[in-house]
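Take a look at the letters that make up each chain.
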Amino acid sequence: MTFGSFSVDDLGRVALAAGTVGGFLFQWRGRPISLSITAPEPDGRLDDGRSHCEVRITGRVGRVPSTANTPDRRPEAFQLAAALRTLLPEGWAVRLLADHMLELQAEERLPLPAHVGELLIPATRFTLALAPYLDLLEEWGMGMMA
């Protein structure tokens, strides 16, 4: 049976057809988080017959304060955004978007087919690791409404 981009086998495991992308969105602490899964290449089989897929978790986590609201906090906010690159876990990235929103991103590999619970593990790991960075951003006036 199919569920969006995913196919579901008789054991309840999900998989993607080669060249497709699936995923889901959720909110955590008022931040939009997306998890996207890119289908594995057909020739990349593991010993157990499964393939690795790429999982990308992205969260919009805060905004550099506006010049109109808090111009004195703006230079510090840009410094903190730059410093995050050295503070984040290995394999994570930070991007400053055109609208001055900060985005954090992590990637990992996961074997497919997988049970839905296995897809939730990277999302859970990301949100738990994200917590102290959200606290830091809020402390520096870089919440979602800055």
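Sequence order as written defines residue numbering, which begins from 1 separately in each chain. Only residues with pLDDT of at least 70 get local features here, since the model is predicted, and only at 80 or more are side-chain atom pairs given and counted; chain-wide, interface and lining totals rely on the full set of residues. Side-chain metrics in this entry use all non-hydrogen atoms of the structure; hydrogen atoms and water are not considered.

(A) Highlighting the overall build of the protein. Only runs of H or I of at least four residues qualify as helices and only runs of E of at least two qualify as strands under DSSP, and these elements are numbered from the N terminus. A count of helical and extended segments in the protein gives two helices and nine strands. The secondary structure elements of the protein, listed N-terminal to C-terminal, are β-β-β-β-β-β-α-β-β-β-α. Its C-alpha atoms put the protein at 60 × 25 × 25 Å along the principal axes. Residue pairs at least 24 apart in sequence account for 59% of intrachain contacts in the protein once pairs closer than 6 positions are excluded. For the protein, the exposed area adds up to about 8300 Å²; of that, 56% sits on carbon and sulfur atoms. Taken together, the 14 basic and 18 acidic charged side chains of the protein have centroids lying 5 Å from each other. Whether two residues touch is decided by their heavy atoms; if any such pair falls within 4.5 Å, the residues are in contact. For every accessible area listed, the method is Shrake-Rupley and the probe measures 1.4 Å; residues are considered covered only by the protein chains on display. When charges are counted, Lys and Arg contribute as positive and Asp and Glu as negative, whereas His and the chain ends are disregarded. Taken as the charge location is NZ of Lys, CZ of Arg, CG of Asp or CD of Glu.

(B) Inspection of the environment of Gly4 at higher detail. Position of Gly4 relative to the elements: it lies in the loop between β1 (2-3) and β2 (6-8). Overall, Gly4 belongs to the exposed group, its relative accessible area being 76%. Remark: the alpha-carbon pair of Gly4 and Met101, spanning 97 residues in sequence, is separated by 29 Å. Accessible area is worked out with a 1.4 Å probe on protein chains only. A residue is then buried under 20% of its type maximum, exposed over 50%, and partly exposed in between.

(C) Region of the structure containing helix α2 (residues 116-139). A helix is expected to reach a length of 1.5 Å times the quantity of its residues less one. Spanning 24 residues, α2 covers 35 Å between terminal C-alpha atoms, matching the ideal 34 Å at 1.5 Å per step. At any given residue, the bend is defined as the angle formed between two axes, one fitted to the seven residues that end at that position and one fitted to the seven that begin there. Helix geometry: α2 is bent most strongly at Ala131, by close to 40°, with proline Pro132 lying one to four residues after it. Among all positions of α2, only Leu119, Pro122, Ala123, Phe126, Thr127, Leu130, Ala131, Tyr133, Leu134 and Leu137 are buried. One or two residues past the end of α2 sits Gly141, with phi positive at roughly 75°.

(D) Structural context of the sheet that holds strand β8 (residues 101-112). At least two bridges found by DSSP between two strands is the condition for calling them paired. A sheet is described by the order of its strands in space; here five strands give the open sequence β4-β5-β6-β8-β7, paired in antiparallel fashion. Two strands in the sheet have a free side with no partner beyond their single neighbour: β4 (21-28) and β7 (92-96). Strand-to-strand twist of the sheet, defined as the mean angle between neighbouring strand axes without regard to direction, takes the value 20°. In the packing of helix α1 (residues 74-87) onto the sheet, contacts are made with β7 and β8, and the angle to β7 comes to roughly 155°. Note on geometry: axes are lines fitted to C-alpha atoms, helical ones only across the stretch in contact, with angles between N-to-C directions running from 0 to 180 degrees. Sheet strands in contact with α2 are β4, β5 (31-38), β6 (51-63), β7 and β8, and its direction is about 160° off that of β8.

(E) Expanded view of the sheet that holds strand β3 (residues 13-16). Spatial strand order, β1-β2-β3-β9: four strands in an open sheet with antiparallel pairing. Both outer strands of the open sheet, β1 and β9 (114-115), are each paired with one neighbouring strand and no more. Both β2 and β3 contribute to a ladder of three bridges, which runs antiparallel. Each bridged residue has a counterpart across the sheet, and for Val8 the counterpart in β3 is Val14.

All quantities given are derived from atomic positions and should not be read as evidence of function.
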